[in-house]
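# Notes for the structure review
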Amino acid sequence: MNEAAPLADRLARVDQRIAAAARANGRDASEITRIVVTKFHPASLVRDLYDLGVRDIAENRQQEITAKRGEVSDLADLRWHFVGQIQTNKARAVRAAASVVHSVDRAKLADALAGAVAADEPPLEILLQINLTSDVARGGVSEADVVPLAEHVAAHAGLRLRGVMAVAPLDEDPAAAFARLADHAARVRSVVADATWVSAGMTGDFEEAVAAGATHLRIGSAITGNRPAHP
Ligand SMILES: *Cc1c(COP(=O)(O)O)cnc(C)c1O
């Protein structure tokens, strides 16, 4: 690896792997959005990624996305994705900092986010996070409750339902988990036909996610290197 530009090298290598996985599955890589997860890293990393052409950044904590976005507010064409659990009382701050919220998992949170969108603003883009495990402590709506939540979100003028998101369980083959996610994505499309986004795949499983039809990959450490300890 070129020591002078390890970040550029890691980014290029991941993008090559995405392109290869797309080709192997008869998909067009241009229909796949690679989001770089920068949690725990300083805003200077976001700036370095921007200089390499990255335009989609994800964070999982409200305080961190709010602070970091403020530090690089000159990078006006960045899209900020929020992928973490959200307390309802933080909905307004998340809405202010994020262009897309991947982690909507309950009606009360949808209501709070919708309440933070003014009538003259474009709707906030929403993905339903689905819990593919039976552990309720993991974020996400239970698999049985996906369609009612989709209907609830679709009824809010301030929200635009774009699709689904999930994290593969630790104790299940990611390909099998992402196949179930694809089934849920189809059910959500039966509620909102153009909710076509599937956010799946991290450092350890993004090739399986591409094979299962993911449209948005959330990749952290393969690109950023190891995360520093919690700030
Ligand atoms: C941290 C995080 C990622 C990225 O994880 P890596 O394994 O570092 O790629 C993706 N999705 C969510 C929800 C995360 O919190």
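See the structure shown above.
Residues numbered from 1 in each chain as written. Predicted model: local features only at pLDDT ≥ 70, side-chain atom pairs only at ≥ 80, totals over all residues. Heavy atoms only, no water.

### Observations regarding the nonpolar core
Nonpolar side chains in soluble globular proteins generally cluster together in the buried interior. Definition in use: We define a nonpolar core as any set of buried Ala, Val, Leu, Ile, Met, Phe, Trp, Tyr and Cys residues linked to one another through side-chain atoms lying within 4.5 Å. For every residue, the accessible area (1.4 Å probe, protein chains only) is compared with the maximum for its type, and the residue is labelled buried under 20%, exposed over 50%, or partly exposed between those bounds. In this description a helix means any DSSP run of H or I spanning at least four residues, a strand means any run of E spanning at least two, and both kinds are numbered starting from the N terminus. In what follows, residue pairs with any heavy atoms lying within 4.5 Å of each other are defined as contacts.
With 65 residues, the main nonpolar core has I126 and L128 as its most contacted residues. In terms of residue count, helix α1 (residues 6-24) provides more of this core than any other element does, six residues in total. Those residues in contact with I126 that sit more than four places away from it in its chain are V101, V104, L113, V153, L159, R160, L161, R162 and G163. Counting residues in hydrophobic clusters, the runner-up holds eight residues, among them A58, V83, V100 and M165.

### Observations concerning the environment of I32
Inspection of the secondary structure puts I32 in the loop between α1 and β1 (33-37). In the structure, I32 is positioned 21 residues away from G53 in sequence and 15 Å away in space, judged by C-alpha atoms. Those residues in contact with I32 that sit more than four places away from it in its chain are I18, A22, R27, V210, A214, T215 and L217.

### Brief notes about the pairing of strand β2 (residues 56-59)
The test is simple: Note: two strands are recorded as paired if DSSP finds a minimum of 2 bridges between them. Orient the strands so they point away from the viewer; a crossover is then right-handed if the path from the first strand over the helix to the second runs clockwise.
Along β2, one buried face is formed by D56 and A58 and the opposite face, lined by I57 and E59, is buried too. As judged from the two bridges shared by β1 and β2, these two strands associate in the parallel manner. What sits directly across from V37, in β2, is A58. As defined by bridge partners, β2 adjoins strand β3 (residues 79-82) across four bridges and the pair is classed as parallel. Across the sheet, A58 pairs through a bridge with H81, a residue of β3. Handedness of the β-α-β unit built from β2, helix α3 (residues 62-71) and β3 comes out right-handed.

### Focus: the packing of helix α5 (residues 107-115) against helix α6 (residues 146-154)
For clarity, the cut-off: Axis lines are fitted to C-alpha atoms, over the contacting stretch for helices. Their N-to-C directions set the angle, which ranges from 0 to 180 degrees. Just so you know how the angles are binned, under 35 degrees is roughly parallel, over 145 roughly antiparallel, 65 to 115 roughly perpendicular, and the rest oblique. Whether a crossing is left-handed or right-handed is set by the direction in which the near helix is turned from the far one by less than a right angle, anticlockwise for left-handed and clockwise for right-handed. When residue character is reported, Ala, Val, Leu, Ile, Met, Phe, Trp, Tyr, Cys and Pro are called nonpolar, Asp, Glu, Lys and Arg charged, and the others, Gly included, polar.
Where α5 contacts α6, the two axes come as close as 10 Å, and the packing angle between them is 15 degrees. With respect to their mutual orientation, α5 and α6 come out roughly parallel. Handedness of the crossing formed by α5 with α6: right-handed. Packed against α5, whose contacting residues are A107, A110 and D111, the element α6 presents L149, H152 and V153 at the interface. Grouping the amino acids of the contact of α5 with α6 by side-chain chemistry returns four nonpolar, one polar and one charged.

### Notes on the site of the ligand
Heads up, the condition is: If a single non-hydrogen atom of a residue is within 4 Å of a molecule or strand, that residue counts as near it. Definition of a polar contact: a pair of N or O atoms within 3.5 Å, with one able to donate and the other able to accept a hydrogen when the atoms are protein atoms, and with sequence-neighbouring residues admitted only if both atoms are side-chain atoms. All accessibility values rest on the Shrake-Rupley procedure with a 1.4 Å probe; residue burial counts only the protein chains present in the view.
Neighbouring the ligand are the residues V37, K39, N60, V83, M202, T203, R218, I219, G220, S221 and R227. Contact distances for the ligand include 2.7 Å between an oxygen atom and a backbone N or O atom of G220. Contacts to the ligand include S221, whose backbone N or O atom sits 2.8 Å from an oxygen atom. For the ligand, whose accessible area on its own is 390 Å², the fraction buried by protein is 89%. Of the residues belonging to the shell around the ligand, the class tally is four nonpolar, four polar and three charged.

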